[in-house]
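Observations on chain architecture
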Amino acid sequence: MTRYEEDTERTFAPLPPAHGRGFAETWWGRAWLKALEDTALDTAQVKTGRRLARAGAVGAVSVRPGRITAVVQDRDRTTHRADVLLERLSDDQWDRFVDMAIERSGHVAALLDRDMPPHLVEDAAAAGIDLMPGLGDLEPECDCGAWDHCGHTAALCYQMARLLDQDPFVLLLMRGRAEGALLEALQTQHGAPARETAPGAGGVDAHEAYAAGDVLPPLPAPPAPGDGPGVTPSLDTEAAPPAGVDPSALEYLAARAASEAHRLLSEALREGHERQPVTSEPTASWDAVRLAAGKPEPDVLHRLGEGSGRTREALAVAVRAWRLGGGAALSVLEEEWSPQGDALARARAALESAWEDEERPPLRARANRWTVTDAPRQLRLDRQGRWWPYRKERGRWVPAGGPAPDPASALASAAAGAVDEL
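Structural notes, computed from the coordinates. (Residues numbered from 1 in each chain as written. Predicted model: local features only at pLDDT ≥ 70, side-chain atom pairs only at ≥ 80, totals over all residues. Heavy atoms only, no water.)

**Observations regarding the overall build of the protein chain**
Applied cut-off: Only DSSP runs of H or I covering at least 4 residues are called helices, and only runs of E covering at least 2 are called strands; the numbering of each starts at the N terminus. The buried label goes to any residue with under 20% of its type's maximum accessible area, the exposed label to any with over 50%, and the partly exposed label to all in between, with areas taken from a 1.4 Å probe on protein chains only. We call two residues contacting when some pair of their heavy atoms lies within 4.5 Å. Computed by Shrake-Rupley with a 1.4 Å probe, the accessible areas treat only the displayed protein chains as cover when residues are assessed.
Across its full length, the protein chain carries 16 helices and ten strands. Expressed as a percentage of the 422 residues in the protein chain, the buried residues total 43%. A separation of at least 24 residues holds for 66% of the contacts in the protein chain among residues at least 6 apart in sequence. Carbon together with sulfur atoms contributes 52% to the accessible area of the protein chain, which is approximately 23200 Å² in total.

**Here's the deal with the sheet that holds strand S9 (residues 387-393)**
The pairing of strands in a sheet happens through backbone hydrogen bonds and is either parallel or antiparallel. Spelled out, the test is: Paired strands, in this sense, are two strands between which DSSP finds at least two bridges. Note on geometry: axes are lines fitted to C-alpha atoms, helical ones only across the stretch in contact, with angles between N-to-C directions running from 0 to 180 degrees.
If you walk across this open sheet you meet the five strands as S6-S7-S8-S9-S10, and the pairing is antiparallel. Among the strands making up the open sheet, the edge pair consists of strand S6 (363-366) and strand S10 (396-399). Going from strand to strand, the sheet's axes swing by 30 degrees on average, the running direction of each strand aside. Examined bridge by bridge, S6 and strand S7 (residues 369-372) share four bridges and lie antiparallel to one another.

**Looking at the state of the cysteines**
A covalent bond between the sulfur atoms of two cysteines is referred to as a disulfide. Rules: Cysteine sulfurs are considered disulfide-paired once they come within 2.5 Å of each other.
Under the definition given, this model contains zero disulfides. Lacking any disulfide linkage, cysteine 150 is separated from the closest cysteine sulfur, that of cysteine 142, by 3.7 Å. Relative accessible area serves as the criterion here: at 4%, cysteine 150 is assigned to the buried category. Sulfur of cysteine 157: no disulfide; nearest cysteine sulfur belongs to cysteine 150 and is 9.7 Å away. On the accessibility criterion, cysteine 157 (0% relative accessible area) is buried.

**A closer look at the environment of valine 372**
Tracing the sequence through the fold places valine 372 in strand S7. If sequence neighbours within four positions are ignored, valine 372 has contacts with Pro361, Pro362, Leu363, Arg377 and Leu411.

**So, unusual backbone geometry**
Although it is not a glycine, arginine 77 adopts a positive phi angle of roughly 75 degrees. Mapped onto the fold, arginine 77 is located in the loop between strand S3 (67-73) and strand S4 (79-85). Arginine 77 gets classed as exposed once you look at its relative accessible area, which sits at 64%.

**Details of the pattern of salt bridges**
Quick reminder of the rule: Whenever a carboxyl oxygen of Asp or Glu lies within 4 Å of a side-chain nitrogen of Lys or Arg, that contact is scored as a salt bridge.
Counted according to the given criterion, the structure contains 17 salt bridges. One salt bridge connects arginine 81 with aspartate 83, and the closest N-O pair in it is separated by 2.8 Å. Between arginine 177 and aspartate 91 there is a salt bridge, with its nearest N and O atoms 3.0 Å apart. A residue pair is termed long-range when its members are at least 10 positions apart, and arginine 177 in the loop between helix H7 (169-174) and helix H8 (179-190) and aspartate 91 in helix H3 (residues 91-103) qualify at 86 residues.

**Topic: the packing of helix H2 (residues 43-54) against helix H6 (residues 151-166)**
In plain terms, the rule: For classification purposes, an angle smaller than 35 degrees is called roughly parallel, one larger than 145 roughly antiparallel, one from 65 to 115 roughly perpendicular, and anything else oblique. Left-handed describes a crossing whose near helix is turned anticlockwise from the far helix by less than a right angle; the clockwise case is right-handed.
Look at H2 against H6: their axes get within 7 Å of each other, and the N-to-C directions meet at 55 degrees. For the element pair H2 / H6, the angle class is oblique. In the packing of H2 onto H6, the handedness of the crossing is right-handed. Residues Gln45, Val46, Thr48, Gly49, Arg50, Leu52 and Ala53 of H2 pack against Gly151, His152, Ala154, Ala155, Tyr158 and Gln159 of H6.

Take a look at the structure:
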């Protein structure tokens with residue numbers, strides 16, 4: 001037996017599934033995974049292991065000098081014992097590591113804080129001690145019979161990265177020293193308890209602080225958007241407003257800005273938001289319609305119509321479109337475009353297959369609009385391939401419903417649609 005072999009095994013309970021999070025948030029956890037990914041010859045097996053670990057298929061992990069072990073459940077529910085081996089440091093290497101750590105008390109303080117600064121690893125390497133595994137250092141063994149890293153050993157490595165994030169002493173144990181044995185050696189050679197000398201009066205070593213400068217902590221959890229935008233300040237004061245300033249209009253503008261900010265924040269925090277297409281910046285004309293949709297006072301409504309170049313009737317129709325589909329619906333109302341190529345072919349195919357021959361209404365086409373020749377109804381195609389229903393009211397085409405994926409459904413809603421008065 002070598003020195004310090006007591007208490008040299010730790011067992012960690014199975015970790016929960018890692019849905020929606022990475023496996024390594026620390027630089028040393030990422031270095032461990034890089035050793036796996038650089039060593040494995042089959043990247044497909046690495047991906048399989050990542051999926052298994054993410055699903056929580058790795059059982060309790062046993063860590064002891066030179067080896068980690070766990071039972072991994074495969075996707076077909078069969079289980080396999082997986083081991084990953086890492087060469088242990090010699091007693092001479094550990095003696096040199098202890099001497100190096102004593103020379104820089106900041107190293108010990110960092111380890112006690114469950115941190116492993118890059119400068120510690122660099123100083124150890126300069127002393128001939130490789131703490132972090134490199135290419136080919138993680139040796140797999142699995143009862144599934146694979147000679148290289150399989151999905152089971154890869155899953156174990158991904159789970160190990162999560163354990164390393166929590167406690168770098170796990171890596172030191174695998175290299176051959178348990179935490180208690182290492183602290184005992186530091187105390188014996190330094191002549192004082194390691195936990196008392198570790199913090200030190202001199203603060204953090206400047207070299208370590210500089211070396212760790214590019215290691216960023218994980219981002220905090222996003223803030224909750226709250227139940228609503230809150231109440232905007234009142235401008236009802238005894239002081240007369242400046243010339244050209246309408247306090248009621250300004251209060252309304254502030255309230256709508258707060259409401260829009262709350263909506264945008266709520267959407268940004270919604271799961272999957274990063275996969276949504278980026279919308280274009282609204283124009284002043286569009287923003288006037290958005291503000292009018294909030295039902296302002298008549299004077300403000302009149303100013304919004306004038307400012308956007310719309311009559312009261314035109315603004316009412318634009319608001320109706322906005323309420324049905326925001327900027328996309330407003331584009332369909334006010335922009336006419338001509339489908340070409342594939343877009344036109346898909347539109348014609350959709351119109352052809354939407355009805356049986358005897359049920360198909362007679363349609364007259366112009367640009368992206370198809371009008372029923374014997375009824376006050378119309379279909380409009382947007383640039384995303386959706387169909388919007390319209391009907392004619394008092395000589396004006398107005399939106400009669402939200403978008404539909406096929407023209408038949410859209411035309412059916414046009415028959416029942418009606419215009420809301422602003």
